[in-house]
Amino acid sequence: MRTIRKAEDRGTADLGWLQSRHSFSFGDYHDPDHMGFETLRVINDDDIAPAKGFGMHPHRNMEIVSYILDGALEHRDSLGNGSVIKAGEFQRMSAGSGIKHSEFNPLDDQTTRLLQIWFLPEKQHIKPSYEQKAFAPDEKTDTLKLAVSPDGTNGSLRIHQDINIYVSVLTGEKDLTHTLQNGRSAWIQVARGTLTVNGDPLKEGDGIAICDENIILSNADHAEILLFDMKQKDKAA
């Protein structure tokens with residue numbers, strides 16, 4: 001079973017310095033038909049103007065993954081962490097029992113674009129924590145590179161939920177396949193370019209939910225995607 005979420009159907013927010021597209025309900029955008037998928041709660045496609053950003057604000061009991069597509073993002077939090085996340089890098093923040101952080105575009109001459117993704121945690125009120133990692137371009141070219149996992153497999157970031165996040169940059173030179181195990185679903189978010197997923201053509205900003213079938217990625221044209229392989233909520237123990 002497949003369900004496509006078209007880029008043009010997403011919710012939007014325009015704060016002047018921030019242009020945001022919401023795959024699921026977020027902030028002032030509410031759509032009861034798009035409240036999330038399995039444990040995936042938020043996918044925001046954000047453009048942050050030069051030298052602008054979010055001031056210090058709180059989060060609690062959420063697993064937050066940021067993937068920087070263009071530019072850079074400066075992160076500071078109440079744990080004392082401070083770093084600049086560059087294009088192609090991932091950050092995982094477990095808000096747990098409570099954390100405050102700020103996110104800022106430190107560049108004076110370039111817009112920062114990122115995907116910010118929220119997941120419901122497996123356990124509530126865990127100790128807040130933070131990780132950041134870059135993957136070389138050749139690690140994710142024409143392959144599904146595991147970037148985030150529950151146990152940090154093969155150097156991936158560790159998330160407190162039963163989900164594996166893969167990143168791929170597809171040149172179109174070959175097709176990729178991904179097998180979904182019983183009781184698992186997938187969401188694919190197209191960050192750039194175009195490709196075909198199980199025969200459905202997708203473009204930048206589109207997302208697709210997949211249940212009960214394996215995945216074939218083909219006909220890619222400068223495509224960059226994130227693939228989320230997660231436990232189905234109704235199959236959870």
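This text follows the structure it describes.
Residues numbered from 1 in each chain as written. Predicted model: local features only at pLDDT ≥ 70, side-chain atom pairs only at ≥ 80, totals over all residues. Heavy atoms only, no water.

Chemist: Would you explain the nonpolar core in this entry?
Modeler: Among the nonpolar cores identified, the biggest contains 26 residues, and Leu40, Phe90, Ile117, Phe119, Trp187, Leu226 and Phe228 are the most heavily contacted of them. Only strand E4 (40-48), strand E6 (63-70), strand E11 (112-119), strand E13 (145-149), strand E15 (163-170), strand E17 (184-197), strand E19 (207-211) and strand E20 (215-231) provide two or more residues apiece to this core. Contacts of Leu40, omitting those with residues within four sequence positions, involve Phe24, Ile117, Trp118, Phe119, Trp187, Phe228 and Met230. (Core = buried A, V, L, I, M, F, W, Y, C linked by side-chain atoms within 4.5 Å. Buried < 20%, exposed > 50% of the residue type's maximum accessible area, 1.4 Å probe, protein only. Helix = DSSP H or I, 4+ residues; strand = E, 2+ residues; numbered from the N terminus. Contact = heavy atoms within 4.5 Å.)

Chemist: Help me out: how do you make sense of the sheet that holds strand E10 (residues 99-104) in this one?
Modeler: Hydrogen bonds between backbone groups are what pair the strands of a sheet, and the pairing can be parallel or antiparallel. Taken in spatial order, the 4 strands make up an open sheet running E5-E10-E7-E8, and their pairing is antiparallel. Each of the sheet's edge strands pairs with one partner strand only, and the pair in question is strand E5 (53-59) and strand E8 (82-86). Taken pair by pair, the neighbouring strands of this sheet meet at an average axis angle of 20 degrees, ignoring direction. Looking at chain direction, strand E7 (residues 72-77) and E8 are connected through 5 bridges and run antiparallel. Bridging across to E8, Ala72 finds its partner in Lys86. (Pairing = 2+ DSSP bridges. Axes fitted to C-alpha atoms, helices over the stretch in contact; angles between N-to-C directions.)

Chemist: Where do I start with the packing of aromatic side chains in this structure?
Modeler: Aromatic ring pairs are reported here in terms of the distance separating the ring centres and the angle at which the planes meet. The full count for this structure, using the stated rule, is 7 aromatic pairs. A centroid spacing of 5.2 Å and a plane angle of 80 degrees characterise the contact between Trp17 and Phe54, whose relative ring orientation is edge-to-face. Here Trp17 is found in the loop between strand E2 (11-14) and strand E3 (18-22), whereas its partner Phe54 is found in strand E5, with 37 residues between them in sequence. Overall, Trp17 belongs to the partly exposed group, its relative accessible area being 24%. Classification of Phe54 by relative accessible area gives partly exposed; the value is 25%. Note on Phe90 and Phe135: the rings are 6.0 Å apart at their centroids and 75 degrees apart in plane angle, and the pair reads as edge-to-face. Of the two residues, Phe90 sits in strand E9 (residues 89-94) while Phe135 sits in the loop between strand E12 (129-134) and helix H1 (137-140), which places them 45 residues apart along the sequence. Given a relative accessible area of 0%, Phe90 falls into the buried group. (Phe/Tyr/Trp six-rings, centres within 6.5 Å; stacked < 30°, edge-to-face > 60°.)

Chemist: I would appreciate a short explanation of the pattern of salt bridges in the present structure.
Modeler: Two side chains bearing opposite charge may form a pair once their charged atoms approach each other closely. Within this structure, the stated rule accounts for 17 salt bridges. Asp200 is the partner of Arg2 in a salt bridge, and the nearest nitrogen-oxygen pair spans 2.6 Å. Of this pair, Arg2 sits in strand E1 (residues 2-5) while Asp200 sits in strand E18 (residues 200-202), and the two are 198 residues apart along the sequence. A residue is classified by how much of its surface remains accessible, and Arg2, at 34% relative accessible area, is partly exposed. Asp200 sits in the buried class, given a relative accessible area of 18%. In this structure, Lys145 engages Glu139 in a salt bridge whose closest nitrogen and oxygen atoms are separated by 3.4 Å. With relative accessibility at 16%, the residue Lys145 sits in the buried group. Residue Glu139 is classed as partly exposed on the basis of its relative accessible area, which comes to 31%. Through salt bridges with shared partners, one network takes in Arg10, Arg21, Asp45, Asp47, Arg113 and Glu204. (Salt bridge = Lys/Arg side-chain N within 4 Å of Asp/Glu carboxyl O.)

As far as function goes, none of this settles anything; it's purely spatial.
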